[in-house]
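The primary structure of each chain is shown beneath.
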Amino acid sequence: MASLQDQLRGLVYSTEHGDICPACRQPLADCRCAETAEEDRLAGLDGIVRLRRETKGRKGKGVTLVEGVPLKADELKALAKALKKRCGTGGALKEGVIEIQGDQREVLKAELEKRGYKVKLAGG
């Protein structure tokens, strides 16, 4: 990790190239940080989809989190949309984790197993 001084001294704009990525110091048009982050996320998965219910930080409202789905970002977004439609609720996709409103673990487990994923119920 670079020191704070190194982080603050970095070039953020160039009249020749425009905006500069702070992580790789390349012009934004040439930056591959998002692609490498996606590849790293996929490489760290073990092939098991985990479903867990979480209420922490949500004022008591429960959500079901779907973690570990080995799909790229655009395919993951389509899966999230299909799962929300199947449950008839809302939700979101944040940093590779699908959030579905309410306790939908059993419905999601059946749907994901039907799609060919190995599913585990995790947490409380």
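From a predicted model like this one, the values you see are computed outputs, not experimental measurements.

## Points about the side chain of Glu111
Phase 1 of the analysis: One can find Glu111 in helix H4 (residues 105–114).
Phase 2 of the analysis: Given a relative accessible area of 9%, Glu111 falls into the buried group.
Phase 3 of the analysis: At 3.3 Å, the side chain of Glu111 and the side chain of Arg86 are in polar contact.

## A word on the environment of Thr89
Phase 1 of the analysis: In this structure, Thr89 sits in the loop between helix H3 (73–87) and strand S5 (91–94).
Phase 2 of the analysis: The contact partners of Thr89, leaving out residues within four places of it in the chain, are Lys84, Ile100, Gln101 and Gln104.

## With respect to the UniProt feature "domain: SUI1" (unreviewed entry) in the protein chain
Phase 1 of the analysis: According to UniProt, the positions carrying the feature "domain: SUI1" (unreviewed entry) are residues 53–116.
Phase 2 of the analysis: What you have in residues 53–116 is 39% helix and 25% strand, and the ends, taken at the C-alpha atoms, are 22 Å apart.

## Structural notes on the sheet that holds strand S7 (residues 118–121)
Phase 1 of the analysis: Spatially, 5 strands are ordered S5-S6-S4-S3-S7 in an open sheet, and the strand pairing comes out mixed. The outermost strands of the open sheet, each flanked by one partner alone, are S5 and S7. Taking each pair of neighbouring strands and ignoring which way they run, the sheet shows an average axis angle of 20 degrees.
Phase 2 of the analysis: Two strands pair when backbone bridges link them, and strand S3 (residues 48–54) and S7 are joined in this way by 4 bridges, in the parallel orientation.

Criteria and cut-off values
Residues numbered from 1 in each chain as written. Predicted model: local features only at pLDDT ≥ 70, side-chain atom pairs only at ≥ 80, totals over all residues. Heavy atoms only, no water. Helix = DSSP H or I, 4+ residues; strand = E, 2+ residues; numbered from the N terminus. Buried < 20%, exposed > 50% of the residue type's maximum accessible area, 1.4 Å probe, protein only. Polar contact = N/O pair within 3.5 Å; in protein donor to acceptor, adjacent residues only side chain to side chain. Contact = heavy atoms within 4.5 Å. UniProt positions renumbered as here; feature names shortened; annotations may be inferred. Pairing = 2+ DSSP bridges. Axes fitted to C-alpha atoms, helices over the stretch in contact; angles between N-to-C directions.

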